[in-house]
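Geometric and topological summary
Single-letter residue listing:
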Amino acid sequence: MQSFLSYVVTEALAGRTEEIRAKTIAMDVYGYEVDDLTKREGVVRVDAGRVRRKLQAYYEKDGSADEVVISLPVGRYAPEFRSGGEIGRNPKQNRKLWVAIAVAGALVLGGIGIVTTQVLWNSASHVPGREQTTIYDVSPTRVEAMNLCSTGRDLIFPIVDLSRLQPGLLVFETAIQRDPLYFCGFAGAAQVETMLAILQFQLPVADKLFKAADGNSAHALELAPDAPWALSARAWYEYGVGNFSRATSLSARATDLAPDDPHVAEFDALISLYTSDFQRILSHAERYQNLRGDGGGLVLGNALGAAQFHTGDYVSAIETFENAIAEGGAFGPISTAYLMAARWNNDEPAEARRLARMFAKTWPDFPLEAVKRRVFVDSQPVLDLTKSMRAAGWKGKSPQITE
C-alpha cells in the first residue's frame, strides 16, 4: 500500500494524472507481466479501497494536524491534494504545501510496511504484437523507452568500439527522457559509461564517467531492485571500480533470475573472464551455445574462446572463435589476438604470423596490452596472451586510447 500511494502521488506531481490507471499500477507497482494486466485489475481495485480506508483512518487520528491531506476519490486512482486548513490565503503557505505533497506519499503509510516495487524488463523485441499493444494502451512512453533500450543494447558491443558506444549512450539517455520511471535507460547508460571509463582509464574523463555510472546504476536498482538488467548493470559498475566480489555476486544473482537473457549472460561472462573465473565460463558453455543459437549473445563465443585459451585448450579456443565470427559475432583486435596466440600455441606458426600481420595492418595503434592489463584482475592471463602474440610477430604498441 505504501508503494501504491507513493506511485500515484509521484505520477500526479509529474503531470501524468490521466495515465494513472489500473493497468499502469498493475505493471509498475506490482510488477505483473503483460498477460496478467487485465485479470489483475481487480487486485488493484481492492487495494485502492484499502489505501483509501487507511488514508481516512490516518487523517482522523495521527494525521489530523498535517498540512497536506491526500485523498483517493472513489472510482479513480489519481490522488487529490488539499490543505489541512484553508488553501489559497497565503502564497508562501501554498508553496510550502506543494513541497510537502512531494514527500507525503512516502510518509503517510510509513507504519503499514513497504511493498517492494518490482518492474520487469521486457524487451520490445521479445513482446509479440498483442502484448505490445496492451503495453501501448497502458503507457505509450513506456513502449518508446523499451524500444530505445532494445536498440541501445545492440550498440554496446564490440566492447572496444568507441564509435558505437557513444551513440549507444545517447540512445539510453533518450530512453530516460521518454520514461524516467522505467529502469532500462538508467541500466543501459550505466553499462556504457562504465565501459567508456574502462577503455579511457588513462584519461581524466574516466572519473566523470564512473561517477555517472554509479548514479545511473544505483537509480536503476531503486526503480527495479529485482530486475536482472539493473543488477547486471550495477555488477558491471562494481567490477569497473574494483569491487570484484560485489560484482560477481550481483552478476550471479542477475544470471539466476534471467538465465535466458543473452545481455545479462554477456556481462556475466565478461566479469567471469576478467576475474579469471574461467571454470564458470566453461560450465556455462552449453547455455552460451543455446543463447547464440537463438540469435543473441554473440559476445559469449569470444568469452568462451578466451576461457578455453587460458585453460590451455587451444584447439577448442580456435574452433570457438572461428564459429563466433562465422555467426556474426564481434570480430576485432581482441578476437584476432586470441586466435593469433592460440594458433601459435597449437603449432600453426604460419597462420599465427598471418594474423599478426593482419593485426598490425588493421589495428596498428590499438593498445591491446594496456587494455588487457586494465580489465584483468590478475596479470598472468595477459602475460600468457601477449607472450604468444609476440612470438608470432606482434610488436605490442601501447598508446593511449583517445576520445
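Preceding block: the structure.
Residues numbered from 1 in each chain as written. Predicted model: local features only at pLDDT ≥ 70, side-chain atom pairs only at ≥ 80, totals over all residues. Heavy atoms only, no water.

**A word on the pattern of salt bridges**
Scanning the model with the defined rule gives 15 salt bridges in all. Here Glu 11 makes a salt bridge to Arg 16, at a shortest N to O gap of 3.0 Å. Looking at Arg 16, the relative accessible area reads 21%, which means it is partly exposed. Here Asp 47 and Arg 50 are joined by a salt bridge, their closest N and O atoms 3.0 Å apart. Pair noted here: Asp 47 and Arg 50 are both in helix 3 (residues 37-60), with a separation of 3 residues, about one helical turn. Bridged by salt links that share partners, the residues Asp 214, Arg 234 and Glu 238 form one connected network. (Salt bridge = Lys/Arg side-chain N within 4 Å of Asp/Glu carboxyl O. Buried < 20%, exposed > 50% of the residue type's maximum accessible area, 1.4 Å probe, protein only. Helix = DSSP H or I, 4+ residues; strand = E, 2+ residues; numbered from the N terminus.)

**Observations concerning helix 11 (residues 244-257)**
Helix length check: helix 11, at 14 residues, gives a terminal C-alpha distance of 20 Å against a target of 20 Å (1.5 Å per residue), a fit within 8%. Taken together, the buried positions of helix 11 are occupied by Ala 247, Leu 250, Ser 251, Ala 254 and Thr 255. The buried side chains of helix 11 occupy one side of the element, clustering within an arc of 140° when seen end-on. Exposed residues pointing more than 90 degrees away from the buried face of helix 11 are listed as Ser 245 and Asp 256. (Expected span 1.5 Å × (residues − 1). Arc of directions from axis to C-beta.)

**A closer look at the environment of Leu 304**
Take Leu 304: it is sitting in helix 15 (residues 299-310). The spatial distance from the C-alpha of Leu 304 to the C-alpha of Tyr 288 is 8.3 Å, given a sequence separation of 16 residues. Contact partners of Leu 304, with chain neighbours within four places excluded, come to Ile 281, Leu 282, Ala 285, Tyr 288 and Thr 320. (Contact = heavy atoms within 4.5 Å.)

**Some remarks on the environment of Met 1**
Note that Met 1 resides in the segment before helix 1 (2-13). Overall, Met 1 belongs to the buried group, its relative accessible area being 14%. Sequence separation between Met 1 and Val 29 is 28 residues; the distance between their C-alpha atoms is 9.6 Å.

**What to know about the state of the cysteines**
Throughout the structure, instances matching the rule amount to 1 disulfide. One disulfide in the model links Cys 149 with Cys 184; its S-S distance is 2.0 Å. Taking the torsion about the sulfur-sulfur bond, which here is approximately 75°, the covalent link between Cys 149 and Cys 184 counts as right-handed. On the criterion of sequence distance, the pair formed by Cys 149 in helix 6 (residues 140-155) and Cys 184 in helix 8 (residues 184-199) is long-range, its members being 35 residues apart. Considered together, Cys 149 and Cys 184 belong to a single accessibility category, that of buried residues. (Disulfide = S-S within 2.5 Å.)

**Points about the side chain of Glu 193**
Within the secondary structure, Glu 193 sits in helix 8. Although Glu 193 lies buried, it forms no salt bridge, and the closest oppositely charged side chain, Lys 208, sits 9.6 Å away as judged by the N-O distance. Look past the residues within four positions of Glu 193 in its chain and what remains in contact with it is Leu 169, Leu 209, Ala 212, Ala 213 and Asn 216. (Lys, Arg positive; Asp, Glu negative; His and termini not counted.)

**Side note on the packing of helix 10 (residues 228-240) against helix 11**
When two helices pack together, you describe them by how their axes are tilted relative to each other and by the distance separating the axes. Closest axis-to-axis distance for the helix 10/helix 11 pair is 8 Å, and the angle between their directions is 160°. Classified by the interaxial angle, the pair formed by helix 10 and helix 11 is roughly antiparallel. Relative to helix 11, the crossing made by helix 10 is left-handed. Along the contact surface, helix 10 presents Pro 228, Leu 231, Ser 232, Arg 234, Ala 235, Glu 238 and Tyr 239, while helix 11 presents Phe 244, Arg 246, Ala 247, Leu 250, Ser 251, Arg 253, Ala 254 and Leu 257. (Axes fitted to C-alpha atoms, helices over the stretch in contact; angles between N-to-C directions. Parallel < 35°, antiparallel > 145°, perpendicular 65-115°, else oblique. Left-handed = near helix turned anticlockwise from the far one by under 90°.)

**A closer look at the nonpolar core**
As a rule of thumb, soluble globular proteins bury nonpolar side chains together. Ranked by size, the top nonpolar core spans 90 residues in total, and within it Phe 183, Trp 236 and Leu 368 carry the most contacts. Per element, the largest residue contribution to this core is 11 residues, and it comes from helix 8. Ranked by size, the runner-up nonpolar core spans 25 residues in total, among them Val 44, Val 51, Leu 55 and Leu 72. (Core = buried A, V, L, I, M, F, W, Y, C linked by side-chain atoms within 4.5 Å.)

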